[in-house]
Amino acid sequence: MSKRHAKRVVWTAPGQVALEDVTVRDPHEGEVVVGAEVTLISPGTERAFLLGLDNATGAFPRAGGYSYVGYIEEVGPGVDTHTVGERVVCAASHMSHAVVPADRAVHVPAHVSSEDAAFFNLAAIALQGVRKADIELGEAVVTFGGGLIGLLAMRLARLSGAAPAITVDLHESRREFACEYGADRAVDPREDAFADHIREIVHHMEGKCRDAPQVVIEATGFPEVILEACHIAGPMARLVLLGSSRGVTTEVDFYRDVHKKGLTLIGAHASTIPNVESAAGLWTWRDNVETALRLIEHGRLDVQPLITDRLPAHKAPEVFGRIAEWDPAVLGAILQ
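Cut-offs used in this document
- Residues numbered from 1 in each chain as written.
- Predicted model: local features only at pLDDT ≥ 70, side-chain atom pairs only at ≥ 80, totals over all residues.
- Heavy atoms only, no water.
- Helix = DSSP H or I, 4+ residues; strand = E, 2+ residues; numbered from the N terminus.
- Rg over C-alpha atoms; globule rule 2.2 N^0.38 Å.
- Buried < 20%, exposed > 50% of the residue type's maximum accessible area, 1.4 Å probe, protein only.
- Pairing = 2+ DSSP bridges.
- Right-handed = clockwise from strand over helix to strand, strands pointing away.
- Arc of directions from axis to C-beta.
- Axes fitted to C-alpha atoms, helices over the stretch in contact; angles between N-to-C directions.
- Lys, Arg positive; Asp, Glu negative; His and termini not counted.
- Salt bridge = Lys/Arg side-chain N within 4 Å of Asp/Glu carboxyl O.
- Contact = heavy atoms within 4.5 Å.

A. View of the overall build of the protein chain. Looking only at helices and strands, the protein chain features ten helices and 15 strands. Relative to the compact-globule value of 20 Å for 336 residues, the protein chain shows a C-alpha radius of gyration of 20 Å, a close match. In terms of overall dimensions, the protein chain has a C-alpha envelope of 70 × 40 × 35 Å along the principal axes. Across the 336 residues in the protein chain, those meeting the buried criterion constitute 53%.

B. Summary view of the pairing of strand β13 (residues 264–267). Here four bridges tie strand β12 (residues 238–241) to β13, and the two strands are oriented parallel to one another. When the bridges of β13 are listed, Leu239 appears paired with Leu265. Considered for its hand, the β-α-β crossover made up of β12, helix α8 (residues 254–259) and β13 is right-handed.

C. Structural detail: helix α10 (residues 316–324). Listed in full, the buried residues belonging to α10 are Ala316, Val319, Phe320, Ile323 and Ala324. End-on view of α10: buried residues confined to an arc of 145°, all on one side of the axis. One or two steps after α10, the chain reaches Trp326, where phi turns positive at roughly 60°.

D. A look at the pairing of strand β1 (residues 4–13). Where β1 meets strand β2 (residues 16–24), nine bridges bridge the pair, whose relative direction is antiparallel. Paired with Val9 across the strands is Leu19, a residue of β2. What sits between the antiparallel neighbours β1 and β2 is a turn of two residues, in which Gly15 has the positive phi angle 80°.

E. Main features of the sheet that holds strand β10 (residues 185–187). Taken in spatial order, the six strands of this open sheet run β10-β9-β8-β11-β12-β13, and their pairing is parallel. In the strand order of this sheet, the two ends are held by β10 and β13, each with one partner. When the angles between neighbouring strand axes are averaged without regard to direction, this sheet yields 20°. Pairing of strand β11 (residues 215–218) with β12, which is carried by four bridges, proceeds in the parallel orientation. Residue pairing in the sheet places Ile217 in a bridge with Val240 of β12.

F. Representation of the side chain of Arg174. Tracing the sequence through the fold places Arg174 in helix α5 (residues 172–181). Buried and unpaired, Arg174 has no salt bridge, with Asp169 as the nearest side chain of opposite charge at 4.7 Å. Apart from the residues within four sequence positions on either side, Arg174 is in contact with Gly146, Gly147, Asp169, Trp326, Asp327, Pro328, Val330 and Leu331.

G. Region of the structure containing the pattern of salt bridges. The full count for this structure, using the stated rule, is 15 salt bridges. A salt bridge links Glu115 to Arg310, with the shortest nitrogen-to-oxygen separation between them at 2.7 Å. Pair noted here: Glu115 is in helix α2 (residues 114–117) and Arg310 is in strand β14 (residues 307–311), with a separation of 195 residues, a long-range link. Glu115 gets classed as buried once you look at its relative accessible area, which sits at 18%. Each of Arg4, Glu73 and Glu74 takes part in one network of salt bridges that share partners.

H. Spotlight on the environment of Arg47. The residue Arg47 is located in helix α1 (residues 43–51) in this model. The buried category is assigned to Arg47, whose relative accessible area is 17%. Sequence separation of Arg47 and Phe119 is 72 residues, and the distance between their C-alpha atoms is 17 Å. Look past the residues within four positions of Arg47 in its chain and what remains in contact with it is Ser42, Leu53, Ile323, Ala324 and Trp326.

I. The arrangement of the environment of Pro235 in detail. Relative to the helices and strands, Pro235 is located in the loop between α7 (223–232) and β12. Between the alpha carbons of Pro235 and Gly267 there is a distance of 19 Å; along the sequence they are 32 residues apart.

Right under this line is the structure:
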């Protein structure tokens, strides 16, 4: 079969986005060719790589994206797990056609729309962080960050029994949305008595037995936020570092906020996900993806409210420009 001509979103230089023509090779052993229907932009991570922020540096030009939904157009030699015409999700970049390993393409249930399915990877990332938090029914959970990962983590924490589930974010619009999306409360971290306010919410909803969160999920990627997360966490709490930190901080009071209160710090970067076999709290990427799709299929996880932008791929520079400027109105941006 002749090689396919495709379109791909590419970052040509820091902050610069264009659409380019590329050629997609034929699939090798164990690979499939997928034609895109939609892809989903991950604003926080893709902004970091687009701008070359800390822990996201690299050479330009480069392609971004890792939430791809499409139909298999060709299967390579040795592939018997997928068929032509099957709808799948995979971690390919924003492009019209992609060659991916067959074992990294996951079937999409018939009753899940392609727009909803596009959230598979972000939901899986949030899910592995929530699993590591080991939330018990009735525990107070505070999530820092009202972006996609933070909102999904908050929603999954609720499904895991968090009560209350509290979102912390700088932007009023995102705090309001978080409450609409399921948070019991949303708090501005800049208010004078921020820590006291968190304790009051926990005390009010949990009663006299608790006055501080047992689980804190950091989903912003800003190192300074980790300081506040350590500070508000209760005795013997778990702090899950879900956001990819963009920089360093030397201001943590380890004696007061970690050692003395028995705080457990949990790194939850996606690179820690096991490749082969799931275990308690450590599920494989595929198992987390399939779980996310099932939760969406059965109405347990509603991602439609997270979609703020739908646009054809040739308008990608427009939405990436808004993301680069950190427009809080952009949450889920779907490229068609």
